[in-house]
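Working through the structure, step by step
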Amino acid sequence: LKCGSTSNLARNQTAQHICTFDIMPRVTSFFIFASWMTEASGMCLDSEPDAQVSLLQHGQRFALTQTASGIGREAYYWSSRGGGPATSSSVSYVAPSNFSGGPSWVWQNEFKEQVRHSPLIDADKNIFVSTTTRLRKFTPNGDIVWTWHAAPNAKMTAAPALHNGLIYVVHTDGVTRIPTVVAIDMQSGIVHWNRTYEHIEQGGDAESVKVFNNTIIFGAMTNKFDDEHSGGTDTVIAASAADGTMLWQYAADAIMWNFSPSTPGDGSILFSGSCGTVFRISSEGDLIWKAGPSSNPDHPFCTMAGGALGPNGVFYSMYSVNSSSNNNKLAAYNVTDGALLWSKHLPYHALQYPAVGHLGAQGPLVVAVPLGDGLSADPMAGAAKLARAGGALRNMVLVVDAATGQTMWQSEERPWPHAMAAGEFDEHNVTDGAMCLPDPQGIPVISGDGTIYTSSSHHGDLRALRDADGDGTISQWEISVFKTGKCFLNSPSLAPGMLVAAPCWGPMYVFKE
């Protein structure tokens, strides 16, 4: 145990002191003692004046929750889409980044189900993977603990979330699209409660459930837009995490695709519409501010992109001006008042959410921007798309400075000479649908040593990238690739010394140090 003052105050003055101690391999948590009246010695850690850090206990494990700086991470390593409540897709710990030895174990997905979302990882490194109809819990070594089946004819298209010993899933009946929230015990797989919301519907895109401050947040659609993409989210639903009681709903004048909100830790949420409108909603469901371009009510859908919250109090939004435009942008907004800090034109199609994190403990804060060509479900439309792309689809990740938007480096994966994603023509579970039809790639993930992981929805390559020599270029020796041969619909998930990757139709691969 080491303690150090965050200030140079004289002895007996009120100050904040931080004690650090190791609680898991390669993970250090922090414990703030306010009003410690004696000066301590040891390792001093810098702390922002308004930072609030607390320890949460989960069984025999602890983890960090930091609210004031914009990060909200629960006592789980990967609790929801984008890693946690901030939806930043970045973590402070380090995971395997050399894939040459292959995975430690594999779940073969014997029923050939559709895995739409990133697996979740709890504090003991148990893994929860959701398909369209089933939810499974695995031990860190690959043993199945339990399997939960959704109701007959029900489908789970939204990503689940871990919170306070429960995993929350949303399923619809597949016909009326009326959603039901189910709270399942993480240890036993037994349902604690379920609640159906008869007056709303949920789209079939790959949105996410978020749970924080004992509140469930998920998306719904009210069909107020007459548009071919009106199946996305246009209304935000808040419900009690204790029993599912509806708390409030907020109808936005925009369509959110793959709705995945962020929270700065005060109960409010931020999210971005597909055409770039950014909202901050209070914990009571009131609009705090709205910024960015307004949606066209006649054509409210522009792209499948969205936003993510950084630890610097800035929300980053990716969007396109309209669905047929090459005018793709990344914009940075102050969380407090919605002021535009900077905006950057993107060199390729913005069709996914960004990641925000540090390139290593002492590295710069960056935004990892996924760019690429969308896939097609129609052979004729796909042929035309391939022709426009020069005979092959492209995917890349652009890394920019989070403070200025200045480009730092870019890495492009190998081209894909097909309009359909890898694995779409393989044998599938018919219950889960005929196609995955993913975005061009999963959300990038930034790990604690500055490695950026990308997951291709074209050919299914999982890549680990790190500018080890700092020359602003990703050389071949700075890339590790694992070829799954199956498209990804979302990102890999990380825990200390562990990476879990689950392609849409393929096996789930677990890499461990």
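Here's a quick rundown of the structure.

Procedures and definitions
Residues numbered from 1 in each chain as written. Predicted model: local features only at pLDDT ≥ 70, side-chain atom pairs only at ≥ 80, totals over all residues. Heavy atoms only, no water. Helix = DSSP H or I, 4+ residues; strand = E, 2+ residues; numbered from the N terminus. Buried < 20%, exposed > 50% of the residue type's maximum accessible area, 1.4 Å probe, protein only. Contact = heavy atoms within 4.5 Å. Areas by Shrake-Rupley, 256 points an atom, 1.4 Å probe, with all protein chains shown as cover. Lys, Arg positive; Asp, Glu negative; His and termini not counted. Salt bridge = Lys/Arg side-chain N within 4 Å of Asp/Glu carboxyl O. Polar contact = N/O pair within 3.5 Å; in protein donor to acceptor, adjacent residues only side chain to side chain. Pairing = 2+ DSSP bridges. Axes fitted to C-alpha atoms, helices over the stretch in contact; angles between N-to-C directions. Core = buried A, V, L, I, M, F, W, Y, C linked by side-chain atoms within 4.5 Å. Phe/Tyr/Trp six-rings, centres within 6.5 Å; stacked < 30°, edge-to-face > 60°. Disulfide = S-S within 2.5 Å.

1. Regarding the overall build of the chain
Within the chain, the secondary structure is distributed over one helix and 36 strands. Every one of the 513 residues in the chain was classed for burial, and the buried ones make up 61%. For the chain, long-range pairs separated by at least 24 residues make up 54% of all intrachain contacts whose partners lie at least 6 apart in sequence. About 19400 Å² of surface is accessible on the chain, with carbon and sulfur atoms providing 51% of the total.

2. Comments concerning the side chain of Asp122
Along the chain, Asp122 turns up in the loop between strand E7 (120–121) and strand E8 (127–130). The side chain of Asp122 sits in the buried core without any salt bridge; Lys137 is the nearest counter-charge, 4.7 Å away. Within the local environment of Asp122, its side chain forms a polar contact with the backbone nitrogen of Asn126, the two atoms lying 2.8 Å apart. In this structure Asp122 touches Tyr76, Tyr77, Phe128, Leu162 and Met186, once residues within four positions along its chain are discounted.

3. Structural notes on the sheet that holds strand E28 (residues 395–401)
If you trace the four strands from one edge of the open sheet to the other, you get E26-E27-E28-E29, paired in antiparallel fashion. Each edge of the open sheet carries a strand with a single partner, namely strand E26 (355–358) and strand E29 (407–412). Between one strand and the next, the sheet's axes are offset by a mean angle of 25°, whatever the strand orientation. The pairing of strand E27 (residues 365–372) with E28 spans seven bridges and is antiparallel. Following the sheet pairing, Leu371 is matched in E28 by Met396.

4. With respect to the nonpolar core
Across soluble globular proteins, you tend to see nonpolar side chains buried next to one another. By size, the foremost hydrophobic cluster in this structure holds 45 residues, and its most contacted members are Trp148, Ile167, Leu494, Leu499 and Met508. Residues in contact with Ile167, not counting those within four places in the same chain, are Leu120, Phe128, Leu135, Trp146, Pro160, Ala161, Leu162, Val182, Ala183, Ile184 and Met186. Judged by nonpolar contacts, the second largest core, of 20 residues, contains Ala305, Met318, Ala350 and Val400.

5. Some thoughts on the side chain of Arg81
Inspection of the secondary structure assignment puts Arg81 in the loop between strand E5 (61–66) and strand E6 (105–107). Put simply, Arg81 is tucked away with no salt bridge, and the nearest opposite charge, on Asp439, sits 4.9 Å away. At 2.9 Å, the side chain of Arg81 and the backbone oxygen of Asn258 are in polar contact. Other than its neighbours up to four places away in sequence, Arg81 contacts Thr87, Ala159, Ala206, Ser208, Lys210, Asn258, Ser260, Gln352, Tyr353, Ile443 and Asn490.

6. Some points on the pattern of salt bridges
Close approach of charged atoms allows side chains of opposite charge to pair. According to the stated counting rule, one finds eight salt bridges in the structure shown. In this structure, Asp253 and Lys290 form a salt bridge, with 2.8 Å as the shortest nitrogen-oxygen distance. Here Lys290 lies in strand E21 (residues 287–291) and Asp253 lies in strand E18 (residues 246–256), a separation of 37 residues in the sequence. With relative accessibility at 40%, the residue Lys290 sits in the partly exposed group. Measuring nitrogen to oxygen at the nearest pair gives 3.6 Å for the salt bridge that ties Lys483 to Asp461. A residue pair is termed long-range when its members are at least 10 positions apart, and Lys483 in strand E33 (residues 479–483) and Asp461 in strand E32 (residues 461–465) qualify at 22 residues. Its relative accessible area of 3% is what places Asp461 among the buried residues.

7. A look at the sheet that holds strand E23 (residues 314–320)
As summarised here, the arrangement of the four strands in space is E22-E23-E24-E25, forming an open sheet in which the pairing is antiparallel. At either margin of the open sheet sits one strand with a lone partner, and together these are strand E22 (307–309) and strand E25 (340–346). For this sheet, the mean inter-axis angle between neighbouring strands, taken without regard to orientation, is 15°. Pairing of E23 with strand E24 (residues 328–334), which is carried by seven bridges, proceeds in the antiparallel orientation. Pairing of Ser320 across the sheet is with Asn328, part of E24.

8. Focus: the packing of aromatic side chains
One pass over the structure, following the stated rule, counts 15 aromatic pairs. Taking 6.1 Å as the distance between ring centres and 55° as the angle between the ring planes, the aromatic pair formed by Phe128 and Trp146 counts as tilted. Here the residue Phe128 occupies a position in strand E8, and Trp146 occupies one in strand E10 (residues 144–149), the gap between them amounting to 18 residues. Assigned by exposure class, Phe128 and Trp146 land together as buried.

9. Structural notes on helix H1 (residues 379–388)
One side-chain oxygen at the N-terminal end of H1 lies 3.2 Å from the backbone nitrogen of Met380; it belongs to Asp378. Phi turns positive, to about 85°, at Gly390, one or two residues after H1.

10. A closer look at unusual backbone geometry
For residues other than glycine, phi is negative in most cases, and the peptide bonds are mostly trans. Phi is positive for Lys125, close to 65°, though the residue is something other than glycine. Among the secondary structure elements, Lys125 is positioned in the loop between E7 and E8. Of note, the phi angle at Asn153 is positive, near 70°, even though the residue is not glycine. Residue placement: Asn153 occurs in the loop between E10 and strand E11 (161–163).

11. Regarding the state of the cysteines
One pass over the structure, following the stated rule, counts two disulfides. Here Cys275 engages in a disulfide with Cys302; their sulfurs sit 2.0 Å apart. The chirality of the disulfide connecting Cys275 with Cys302 is right-handed, given an S-S dihedral of about 90°. In this pair, Cys275 sits in the loop between strand E19 (269–272) and strand E20 (278–281) while Cys302 sits in the loop between E21 and E22, placing the two residues 27 residues apart along the sequence. Each member of the pair, Cys275 as well as Cys302, is classed as buried. Unpaired in terms of disulfides, Cys487 finds its nearest cysteine sulfur in Cys436, a separation of 4.3 Å. In this structure Cys487 comes out as buried when scored by relative accessible area, which is 0%.

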